[in-house]
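Read off the chains here:
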Amino acid sequence: MSGSPNIPSSEITPEATFHNRRFFMKSAIWAGSAFATAGLYRTFAPRPEVKNTGAAITSVAEPALSTSLAADEKINSFTEIAGYNNYYEFSTDKSEVAAKAKYFVTDPWSVQVGGLVQKPRTFDLADLLKFESVERTYRFRCVEGWSMVIPWVGFPLSKLLSMVEPTSAATHVGFETYYDIKQMPDSGSAGIDLPYVEGLRLDEAMHPLTLLATGLYGKTLPNQNGAPIRLVVPWKYGFKSIKSVVKITLMDREPPTTWSLANPGEYGFYSNVNPTVDHPRWSQARERRIGEVGSRETLMFNGYAEQVAHLYAGMDLKEDF
Amino acid sequence: MTFSSDTRFHRQLVVFNGLLPALLILLDAWRGKLGANPVEFVTRATGVLTLVFLVITLMVTPLRKIYGWNWLLKQRRLLGLFAFFYGTAHLLTYLACDRDWHLQTVIGDVSKRPFIAIGMFSFALMIPLAVTSTNAMIKRLGGQRWAQLHRLTYYITIGGVLHYYIIVKSDITYPLIFAIIVAVLIGYRVVASIKKARGAAPRAS
């Protein structure tokens with residue numbers, strides 16, 4: 001094309017304005033894109049510190065039963081313990097659970113204990129807090145390959161079971177977690193059937209190491225750690241230590257357990273910590289201690305072999321994993 | 001608007017936003033704010049970023065065809081290199097922190113954990129693409145052969161999503177979101193090629 005275009009000179013943008021406008025547009029795009037990228041990163045990044053807002057619990061230290069931490073094993077910080085949780089009812093993102101469980105109502109609470117017992121009974125929160133509290137510092141090994149050292153407060157499950165007097169027919173104990181979709185709106189995408197259920201053999205349940213925890217670091221449990229009362233079985237993978245218990249039932253057969261229902265080939269009833277039996281999708285020989293960069297060896301029965309190995313004498317632990 | 005012709009500006013924008021997540025991860029590491037399990041976070045973040053950049057490269061063609069954003073084409077190789085960059089970071093995190101540089105254990109791990117094999121394979125496929133990402137290489141290979149080679153991106157992306165899907169314990173929301181996006185992006189190409197084939201033949205109306 002030739003000749004001058006038919007635009008009156010008054011409509012031509014002055015060069016300076018043109019450059020200013022471009023500069024403005026570019027700056028806006030820079031800022032907008034940086035804001036979007038950083039914001040997206042932030043939504044996925046872990047949450048910072050968690051404060052311990054629990055009420056103090058008076059307890060007796062039991063160093064003899066807080067078995068054998070090696071010299072290089074440190075107790076994990078409150079933020080680590082209360083900021084990194086598997087509690088699928090609230091979120092499957094471990095660093096999200098604390099925020100999502102913040103308004104979970106744990107008072108009033110009751111635990112219904114029944115089944116094959118002489119004296120079935122419902123314990124309310126006050127009843128549960130009447131048990132003499134002890135301090136136990138245990139290793140906690142998650143089936144996913146990470147671990148912590150946690151200073152629990154609670155009482156042996158055997159004390160509660162003795163009160164209801166299991167009948168001679170009782171061989172197993174089943175547990176159930178509180179479930180309410182209104183309080184746990186994200187539980188629909190958990191990918192597991194709820195309420196969460198777990199179980200132990202009666203001799204495992206009566207073992208002195210098996211604890212009903214009501215607190216940690218000397219204060220009542222944070223919601224994300226299973227308030228107001230949870231099971232702690234230190235020689236088994238963490239998912240056996242069921243949270244926010246509302247029902248305990250004595251039975252004469254193996255109770256159903258959530259993860260083995262979800263995936264029987266990967267999660268067994270026993271789920272004892274065992275470095276020689278791998279998960280089908282990963283090795284269990286080593287673990288990452290939260291707070292450490294490298295990995296450490298996983299110990300047989302999570303380091304409690306001396307206390308519990310006799311429970312499994314004569315069993316093939318590859319078969320009964 | 002001259003936005004669509006300002007290649008240098010686009011390049012700066014991609015480089016800046018591509019590096020920003022890496023810088024933020026380093027910043028959080030330095031501040032000790034990577035959460036209780038920093039290794040897990042860095043592994044997951046770099047893995048997801050790899051998928052994000054792979055998906056963005058696959059979006060270039062549909063965005064050009066539908067919205068005429070042809071300027072994106074000039075940034076596609078750079079976007080792909082960012083996928084490679086985060087994929088490398090992801091692999092190094094695994095080797096350094098999950099395996100503690102015990103490389104002899106990697107073989108056993110790969111054979112025991114199929115998702116790792118899929119991840120490794122997808123990463124291996126990215127290497128020739130990264131190597132051939134220069135102008136000189138396009139010339140050397142010839143445009144058509146180069147384009148053919150770079151269609152490996154589809155398989156790499158599918159492998160990446162599969163790798164993510166298998167590792168997740170039970171909540172498959174995020175891998176599923178990626179799977180749907182990738183399915184749409186690949187579906188778009190299938191439909192386009194069918195239409196093209198039909199368009200060549202005379203149409204009855």
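One can find the structure itself at the top, above this paragraph.
So, here is what we can say about the structure in this document. What you see is a predicted model; the values in this text were computed from it and never measured. All residue numbers here refer to positions counted from 1 along the written sequence of the relevant chain. A letter from A marks each chain and a number from 1 marks each ligand, given out in the order of writing. Predicted model: local features are reported for residues with pLDDT of at least 70 only, side-chain atom pairs are reported and counted for 80 or more only, and whole-chain, interface and lining totals are derived from all residues.

Looking at the overall build of chain B
- The helix count covers DSSP runs of H or I at least four residues long, the strand count covers runs of E at least two residues long, and both are numbered beginning at the N terminus. If you tally the helices and strands in chain B, you get 9 helices and 0 strands.
- Listing every helix and strand of chain B by position from the N terminus yields α-α-α-α-α-α-α-α-α.
- Projected onto its principal axes, the C-alpha positions of chain B cover 60 × 40 × 35 Å.
- Within chain B, buried positions represent 24% of all 205 residues. A residue is called partly exposed when the number of other C-beta atoms within 10 Å of its own lies between 12 and 20, exposed at 12 or fewer, and buried at 20 or more, with C-beta atoms placed from the backbone.

Details of the overall build of chain A
- A count of helices and strands for chain A gives 8 helices and 13 strands.
- Every radius of gyration here is taken over C-alpha atoms, with the globule rule written as 2.2 Å times N^0.38, N being the number of residues. The C-alpha radius of gyration computed for chain A amounts to 27 Å, which surpasses the reference 20 Å derived for 321 residues by more than 25%, pointing to a less compact arrangement than a globule.
- With respect to the principal axes defined by its C-alpha atoms, chain A has extents near 105 × 45 × 35 Å.
- Looking at chain A as a whole, 39% of its 321 residues qualify as buried.
- Residue pairs at least 24 apart in sequence account for 71% of intrachain contacts in chain A once pairs closer than 6 positions are excluded. Contact definition: two residues whose C-beta atoms, as placed from backbone geometry, lie within 7 Å.

Side note on the sheet that holds strand S6 (residues 172-177) of chain A
Residue and element names in this part refer to chain A.
- Note on pairing: DSSP must find at least two bridges between two strands before they are called paired. Taken in spatial order, the 5 strands make up an open sheet running S3-S2-S11-S6-S7, and their pairing is mixed. With one partner strand each, in any of the chains shown, strand S3 (121-124) and strand S7 (197-201) form the two edges of the open sheet. The average undirected angle you get between the axes of adjacent strands in this sheet is 15°.
- Relative to strand S11 (residues 245-251), strand S2 (residues 110-115) runs parallel, the two being bridged by 4 bridges. When the sheet's bridge partners are listed, Gly115 is paired in S11 with Leu250. Think of each axis as a best-fit line through the C-alpha atoms, taken over the contacting stretch in the case of a helix, with angles from 0 to 180 degrees between the N-to-C directions.

Re the environment of Cys142 of chain A
Residues and elements named next belong to chain A.
- Secondary-structure assignment places Cys142 in the loop between strand S4 (134-141) and strand S5 (146-156).
- Owing to 20 C-beta atoms within 10 Å, Cys142 belongs among the buried residues under this scheme.
- If we ignore the near neighbours within four places in the chain, the residues touching Cys142 are Asn86, Ser147, Tyr237 and Gly238.

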